[in-house]
Amino acid sequence: MKELYLIAVISGEKVVIPAEQVDSVVNVRESVPVPSAAPFIAGLFALRSRVLTLIDCQFFVTGEPADLTPGQPAIVVNIGGCHYGLLVDAVIDVVQSVVAPAPLPGQLPAGWSDIGRALLDFDSSTYLLIDPDYMVNPALRRAA
């Protein structure tokens, strides 16, 4: 069975997200900081008369917050009935794959192993299949 995946870049590395989890891709012009928010919350931004929480994907990998560049892409996902923007470096393409994702190896660096679910081989490259649910609520995965 063919599956669609969105290729994006986080902290300079290409990753994939199942297209079924992607609502849209938008460019964020600006965000408003949220006082006392978790460090992975980059702020709030407006999208079509809605306010969405902007999640800093880079923070999960490097532990450092990303500097928002006006027009930077965010992948809008729906988690638990709420929409969130996942701030990424770039969005590259949507690809179709017939290969099933492979389990994660044990030697991934800590940040990548936290956000990853599996590996996907496509076009002689290997991509980390990331978990948007974890980036929205990392406490759930730690508790499991």
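Up top is the structure these notes are about.
Now for a description of the structure that goes with this document. Since we're looking at a predicted model, the values are computed, not measured. (Residues numbered from 1 in each chain as written. Predicted model: local features only at pLDDT ≥ 70, side-chain atom pairs only at ≥ 80, totals over all residues. Heavy atoms only, no water.)

1. A few points about the sheet that holds strand β3 (residues 22–28)
Reasoning step 1: Pairing is mixed across the open sheet formed by 5 strands, whose spatial order is β3-β6-β7-β5-β4. Lying at the two open borders of the sheet, with one neighbouring strand each, are β3 and β4 (41–47). The mean inter-strand angle of the sheet, taken between neighbouring strand axes irrespective of direction, is 35°.
Reasoning step 2: Pairing geometry for strand β5 (residues 50–56) and strand β7 (residues 82–87), over 4 bridges, is parallel. Bridge pairing in β7 places Asp56 opposite Leu87. (Pairing = 2+ DSSP bridges. Helix = DSSP H or I, 4+ residues; strand = E, 2+ residues; numbered from the N terminus. Axes fitted to C-alpha atoms, helices over the stretch in contact; angles between N-to-C directions.)

2. Some details on the pairing of β5
Reasoning step 1: With 5 of 7 residues buried, β5 is to be regarded as a mostly interior element.
Reasoning step 2: Across 6 bridges, β4 lies against β5 in antiparallel orientation. In the sheet register, Ile41 faces β5, and the bridge partner there is Ile55. (Buried < 20%, exposed > 50% of the residue type's maximum accessible area, 1.4 Å probe, protein only.)

3. Thoughts on the sheet that holds strand β9 (residues 116–122)
Reasoning step 1: Across the sheet, which stays open at both edges, the 5 strands sit in the order β8-β1-β2-β10-β9 with mixed pairing between neighbours. Strand pairing shows two members of the sheet lacking a second neighbour, β8 (90–97) and β9, which therefore form its edges. Across the sheet, the mean angle separating the axes of adjacent strands is 35° when strand polarity is ignored.

4. Concerning the side chain of Ser24
Reasoning step 1: Examined against the element boundaries, Ser24 turns out to sit in strand β3.
Reasoning step 2: According to the relative accessible area criterion, Ser24 is buried, its value standing at 17%.
Reasoning step 3: Setting aside anything within four residues of it in sequence, one finds Ser24 in contact with Arg48, Ala74, Ile75 and Val76. (Contact = heavy atoms within 4.5 Å.)

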